[in-house]
Amino acid sequence: MISKFIGQYFVKNKSSKEYVVTVSRNWLEFWSKYSTRTPLKCSIKGCSYESEIGGHVKVKTKNNKDYDYIIPLCKKCNSNTHLYSCYYETKKNSCVIRFNE
Ligand SMILES: [Zn+2]
C-alpha cells in the first residue's frame, strides 16, 4: 500500500538493514510517480543541493510504527552520518511517500 503525505516532518535516514521493503527500484522515480512532483531540491531544511536520490527515511510519528518513507535527498544528506542518528526537519510542503508491501 502506498500513501502520500504533505507537510513538514522530522526524518532520519534508514540504513539498508532497517528497510522494511527490500525490493530494488529507482526510488527517485518512484517518489516522482506517486507524489506527481518533479524532484528538485533536497528535502532537508536548509540544504540547497539538487536531489539525486530517493532516500529511505523514518518519519517521526505519534504511533512510531516502522515504515519506509521515501523523500528526495542530495547525495550529501543521504550519506550524512548525523542523519542516521538524529531526526532532521524537512522543508515545508515536503511530500513523503510511505509504503508497505
Ligand atoms: Zn541535502
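Keep in mind it's a predicted model, so treat the numbers as computed, not measured.

Right, let's get into the nonpolar core. Residues Val59, Tyr69, Ile71, Leu73, Cys77, Val96 and Ile97 are the most contacted members of the largest nonpolar core, which totals 18 residues. Looking at this core, the elements that each hand over two or more residues are strand E3 (53-59), strand E4 (68-73) and strand E6 (94-99). Among the elements that take part in this core, E4 stands out by supplying four residues, more than any other. The contact partners of Ile71, leaving out residues within four places of it in the chain, are Val11, Trp31, Ser43, Gly55, Val57, Thr90, Ser94 and Val96.

All right, on to the sheet that holds strand E1 (residues 2-7) then. The strand order across the open sheet formed by six strands is E1-E6-E4-E3-E2-E5, and the pairing between neighbours is antiparallel. The open sheet has two edge strands, E1 and strand E5 (88-89), and neither has a second partner. Bridge count for E3 against E4 is five bridges, and the pairing is antiparallel. Note on E4: the bridge partner recorded for Gly55 is Ile71. In the packing of helix H1 (residues 27-35) onto the sheet, contacts are made with E1, E3, E4 and E6, and the angle to E4 comes to roughly 100°.

As a further point, take the environment of Tyr9. Tracing the sequence through the fold places Tyr9 in the loop between E1 and strand E2 (10-13). Spatially, the C-alpha atom of Tyr9 lies 7.9 Å from that of Lys91, the residues being 82 residues apart in sequence. Beyond its immediate chain neighbours, meaning those up to four positions away, Tyr9 contacts Val59, Lys60, Thr90, Ser94 and Val96.

What follows covers the pairing of E4. Within E4, six of the six residues are buried, leaving the element largely enclosed by the surrounding structure. Of the two faces of E4, the one holding Asp68, Ile70 and Pro72 and the one holding Tyr69, Ile71 and Leu73 are both buried throughout. Judged from the three bridges that link them, E4 and E6 form a sheet pairing that is antiparallel. Bridged to Tyr69 within E6 is Arg98.

One non-glycine residue, Thr36, adopts positive backbone phi at about 55°. By the C-beta count within 10 Å, which is 8 here, Thr36 ends up exposed.

Topologically, Ser94 is positioned in strand E6. Accessibility expressed as a C-beta count within 10 Å gives 21 for Ser94, which makes it buried. For the pair Ser94 and Gly7, spaced 87 residues apart in the sequence, the C-alpha separation amounts to 5.2 Å. Ignoring any residue separated from it by four or fewer positions in sequence, one finds Ser94 in contact with Gly7, Gln8, Tyr9, Ser43 and Ile71.

Procedures and definitions
Residues numbered from 1 in each chain as written. Predicted model: local features only at pLDDT ≥ 70, side-chain atom pairs only at ≥ 80, totals over all residues. Core = buried A, V, L, I, M, F, W, Y, C linked by C-beta atoms within 7 Å. Buried ≥ 20, exposed ≤ 12 C-beta atoms within 10 Å, placed from the backbone. Helix = DSSP H or I, 4+ residues; strand = E, 2+ residues; numbered from the N terminus. Contact = placed C-beta atoms within 7 Å. Pairing = 2+ DSSP bridges. Axes fitted to C-alpha atoms, helices over the stretch in contact; angles between N-to-C directions.

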